[in-house]
Amino acid sequence: MAEVGEGLHKALQNGVIPQTTIHLLQLRAGQLLGSTYFTIRETGHLRRIGEPEERITAVATWRDATCFTGAERVALELVEAVLTPNPSGERVPDELYARASAHYDDKAMWSLIMAIAHIGFFTPAALIAKPIPGMPPGRNYSE
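Computed from a prediction, not measured in an experiment: that's the story for all the values here.

### Notes on the packing of aromatic side chains
Okay, step 1: Within the structure shown, the criterion is met by one aromatic pair.
Okay, step 2: Look at Tyr-37 and Phe-38: their rings are 5.9 Å apart centre to centre, the planes differ by 50°, and that puts the pair in the tilted class. One exposure class covers both Tyr-37 and Phe-38, and it is buried.

Listed below in structure tokens is the structure:
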């Protein structure tokens, strides 16, 4: 499991998408999943890279916030579409994919997909094993 997780992590650091965007969408994923661990982890990452508190806080209400770029907004919309059940069955309609493609080329789209996959890969561990926020990997689970 660690090797797959590390591979996904490395894929996210390819420089194709700003780290800010990756952390914003992963923060939104944590909020949607109800994961304290992901939410605290991504909030911390955003603070360490100098994101203003207003932008971090506004992720929860990004649709009404004016502080996100078009590319960030479509990334947030994409993660919501993937993680939110849709009664009609289609979570990511062609129209959303087309809008995302207007901001991201093929390589960047795959980086976005891997950023969402990264969260998806660790979701069972975050929700079932409940890692302790703020603790380093490998030492972030209670005995």
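The structure having been displayed, the exposition proceeds.
### Structural notes on the pattern of salt bridges
Okay, step 1: By the definition in use, this model includes eight salt bridges.
Okay, step 2: The salt bridge involving Arg-41 is made with Glu-42; its shortest N-O contact spans 2.8 Å.
Okay, step 3: A salt bridge links Arg-55 to Glu-72; the shortest N-O distance between them is 2.7 Å. A residue pair is termed long-range when its members are at least 10 positions apart, and Arg-55 in helix 4 (residues 53-58) and Glu-72 in helix 5 (residues 70-83) qualify at 17 residues.

### Some details on the packing of helix 2 (residues 19-33) against helix 3 (residues 36-48)
Okay, step 1: For the pair helix 2 and helix 3, the least separation of the axes is 8 Å and the interaxial angle reads 160°. Classed by the angle they form, the pair helix 2 and helix 3 counts as roughly antiparallel. As for the relative orientation of helix 2 and helix 3, their crossing is left-handed in sense. Residues Thr-20, His-23, Leu-24, Gln-26, Leu-27, Gly-30, Gln-31 and Leu-33 of helix 2 form the contact with helix 3, whose own contacting residues are Phe-38, Thr-39, Arg-41, Glu-42, Thr-43, His-45 and Leu-46.
Okay, step 2: Partitioning the contact of helix 2 with helix 3 into residue classes produces five nonpolar, eight polar and two charged.

### Focus on the side chain of Thr-21
Okay, step 1: Relative to the helices and strands, Thr-21 is located in helix 2.
Okay, step 2: Judged by its relative accessible area of 5%, Thr-21 falls in the buried class.
Okay, step 3: Not counting chain neighbours up to four residues away, the residues in contact with Thr-21 comprise Glu-72, Ala-75 and Tyr-104.

### Let's talk about the nonpolar core
Okay, step 1: Ranked by size, the top nonpolar core spans 20 residues in total, and within it Ile-17, Leu-25, Tyr-104 and Leu-112 carry the most contacts.
Okay, step 2: For this core, the secondary-structure elements that each account for two or more residues are helix 2, helix 3, helix 5, helix 6 (94-103) and helix 7 (106-129).
Okay, step 3: The greatest single-element share of this core, amounting to six residues, is contributed by helix 7.
Okay, step 4: Excluding residues within four positions of it along the chain, Leu-112 makes contact with Ile-17, Leu-25, Ala-75, Leu-78 and Tyr-104.
Okay, step 5: Core analysis: the next-biggest nonpolar cluster, separate from the first, contains 10 residues, Leu-27, Leu-46, Val-59 and Ala-65 among them.

### Description of the packing of helix 2 against helix 5
Okay, step 1: Where helix 2 meets helix 5, the closest approach of the two axes is 9 Å, and the angle between their N-to-C directions is 30°. In this structure, the crossing between helix 2 and helix 5 has a hand that is right-handed. Side by side, helix 2 and helix 5 meet where Thr-20, Thr-21, Leu-24, Leu-25, Arg-28, Ala-29, Leu-32 and Leu-33 of the first sit next to Glu-72, Ala-75, Leu-76, Val-79, Glu-80 and Leu-83 of the second.
Okay, step 2: Residue classes in the contact of helix 2 with helix 5 are distributed as nine nonpolar, two polar and three charged.

Procedures and definitions
Residues numbered from 1 in each chain as written. Predicted model: local features only at pLDDT ≥ 70, side-chain atom pairs only at ≥ 80, totals over all residues. Heavy atoms only, no water. Phe/Tyr/Trp six-rings, centres within 6.5 Å; stacked < 30°, edge-to-face > 60°. Buried < 20%, exposed > 50% of the residue type's maximum accessible area, 1.4 Å probe, protein only. Salt bridge = Lys/Arg side-chain N within 4 Å of Asp/Glu carboxyl O. Helix = DSSP H or I, 4+ residues; strand = E, 2+ residues; numbered from the N terminus. Axes fitted to C-alpha atoms, helices over the stretch in contact; angles between N-to-C directions. Parallel < 35°, antiparallel > 145°, perpendicular 65-115°, else oblique. Left-handed = near helix turned anticlockwise from the far one by under 90°. Contact = heavy atoms within 4.5 Å. Nonpolar A, V, L, I, M, F, W, Y, C, P; charged D, E, K, R; others polar. Core = buried A, V, L, I, M, F, W, Y, C linked by side-chain atoms within 4.5 Å.

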